[in-house]
Amino acid sequence: MTEQLYQAEQVDRYSRQERYAPLGPEGQARLKESKVLIIGAGALGTGIAETLVRSGVGQITIVDRDYVEWSNLQRQQLYVEQDAIERMPKAMAAVKRLTAINSTVHIKAKVMDVRVDELEELIADADLIMDATDNFDTRLLINDMAQKHQIPWIYGGCVGSYGITYTFLPGETPCLNCLLGEVPLGGDTCDTSGIIPQAVQMVTANQTAEAMKLLSGNTAALRRKLLSFDVWRNEYISINVDGAKKLDCASCGPSATYPFLSASNLEKTDVLCGRDTVQIRPARPMRLDLQQTADRLTRLEEGKVESNPFLVSLTTGKHRLVIFQDGRVLVHGIKDTAEARTLVHRYFG
Ligand SMILES: [Zn+2]
């Protein structure tokens, strides 16, 4: 493409958004100055990332601990068959596709599990956090961190044909800890009942609309209600939850202790949602030589060893162990954490 053509395209690129009066060129310029952290690159994360990157948000950081599998392709809109064949880490596959969509956005990808230390580092560089996780442990961590640093975050969850979303504004709205136990917060995907893509798309449409209002300075247009819906049963409910704000909340009250920032780092073993998979995290941060690991496993002759630049996979009997550069291991075909630990110690010490 000639430089001239490239520049002409750049000028026209956001014209439809700029013509939308509430945004205008000024709102568009604000989007360009914005930095968004997306936690999770599954169904919600890929949808959110694609919309924000196309919209011209200046910087996107996308974090995920997993890799692409065939069962993801039905709804995780940035991934293609080759990503599943190569077991590409989702964050890396996402950044490749997102860069092809809009090369002017600064896109960062991190293959890792988000815990306190990691989140503290990432949040320093964010105006807004988008929740695209699938569990409340991580959400409560995000909630405490967002309150501590006074950064808004947008919750999203979905399962089956159901979706739910809420925009948390520190200092204004109740926080997630306030809402727990007070308001029905379904939508956790730790469920094997399945999911249809439209439930995901409804959630990400609402999450990213709120993100664009917030980032472009249109805060008066924010929804300020908890939204839940079922696209199959045709139910749409919007609830005012302002009354749920607890004055003595440990996460957002005047003497907040941020309880989820201290407890969560101790947990080193996770059972992944509805997947017969256990994740084991190393006790200390590390950087693994994957080539060396692959060579050593091949010499053991205990199963099929496959690798790409980001992970090594060992299939042995009914289990598959996948080790990442940060030392995390996903053990598939297992639910028992003790048994998973035994396998990890056998092959990785
Ligand atoms: Zn609270």
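Just so we're clear, the structure is a prediction, and the values are computed from it rather than from any experiment. (Residues numbered from 1 in each chain as written. Predicted model: local features only at pLDDT ≥ 70, side-chain atom pairs only at ≥ 80, totals over all residues. Heavy atoms only, no water.)

Comments concerning the domain arrangement of the protein
When the parts come together, some accessible area is lost, and that loss is often what is quoted as the size of the interface.
Item 1. Domains assigned within the protein are domain 1 (3-262) and domain 2 (268-348).
Item 2. Centre-to-centre separation of domain 1 and domain 2, based on C-alpha positions: 29 Å.
Item 3. Contact residues are listed per partner, giving 19 residues for domain 1 and 19 residues for domain 2.
Item 4. The junction of domain 1 with domain 2 conceals about 1,600 Å² of combined surface from both sides, 49% of it contributed by carbon and sulfur atoms.
Item 5. Among the residues of domain 1 in contact with domain 2, R65, Y67 and R87 are the three that bury the most area, contributing 38% of the side total.
Item 6. Seen at the junction of domain 1 and domain 2, the total is four salt bridges.
Item 7. Taking the shortest distance from any N to any O, the salt bridge between R87 and E306 comes out at 3.0 Å.
Item 8. Put simply, domain 1 and domain 2 have ten residue pairs in polar contact (both at pLDDT 80 or more) between them.
Item 9. Of the residues belonging to the side of domain 1 that touches domain 2, the class tally is seven nonpolar, three polar and nine charged. (Domains from an automatic or database assignment. Contact = heavy atoms within 4.5 Å. Buried area = accessible area lost by both parts, 1.4 Å probe. Salt bridge = Lys/Arg side-chain N within 4 Å of Asp/Glu carboxyl O. Polar contact = N/O pair within 3.5 Å; in protein donor to acceptor, adjacent residues only side chain to side chain. Nonpolar A, V, L, I, M, F, W, Y, C, P; charged D, E, K, R; others polar.)

Focus: the pattern of salt bridges
Item 1. A full pass over the atoms with the stated rule returns 17 salt bridges.
Item 2. The partner of E210 in a salt bridge is K213, with the nearest N and O atoms 2.8 Å apart. Taken together, the positions of E210 and K213, both in helix α10 (residues 197-215) and three residues apart, correspond to about one turn of that helix.
Item 3. When its relative accessible area of 1% is taken as the criterion, E210 is described as buried.
Item 4. The partner of K335 in a salt bridge is D276, and the shortest N-O contact between them spans 3.0 Å. Of the two residues, K335 is situated in the loop between β14 (329-332) and α13 (337-348) and D276 in the loop between β9 (269-272) and β10 (277-280); the sequence distance between them amounts to 59 residues.
Item 5. For K335, a relative accessible area of 60% gives the class exposed.
Item 6. One salt-bridge network, held together by shared partners, links R65, D113, R115, E118 and R281. (Helix = DSSP H or I, 4+ residues; strand = E, 2+ residues; numbered from the N terminus. Buried < 20%, exposed > 50% of the residue type's maximum accessible area, 1.4 Å probe, protein only.)

Some remarks on the sheet that holds β10
Item 1. Here we have six strands laid out as an open sheet, ordered β9-β10-β14-β13-β12-β11, and antiparallel in their pairing. With one partner strand each, in any of the chains shown, β9 and β11 (304-308) form the two edges of the open sheet. Going from strand to strand, the sheet's axes swing by 15° on average, the running direction of each strand aside.
Item 2. Pairing geometry for strand β12 (residues 311-316) and strand β13 (residues 319-324), over six bridges, is antiparallel. Paired with T315 across the two strands is R320, which belongs to β13. (Pairing = 2+ DSSP bridges. Axes fitted to C-alpha atoms, helices over the stretch in contact; angles between N-to-C directions.)

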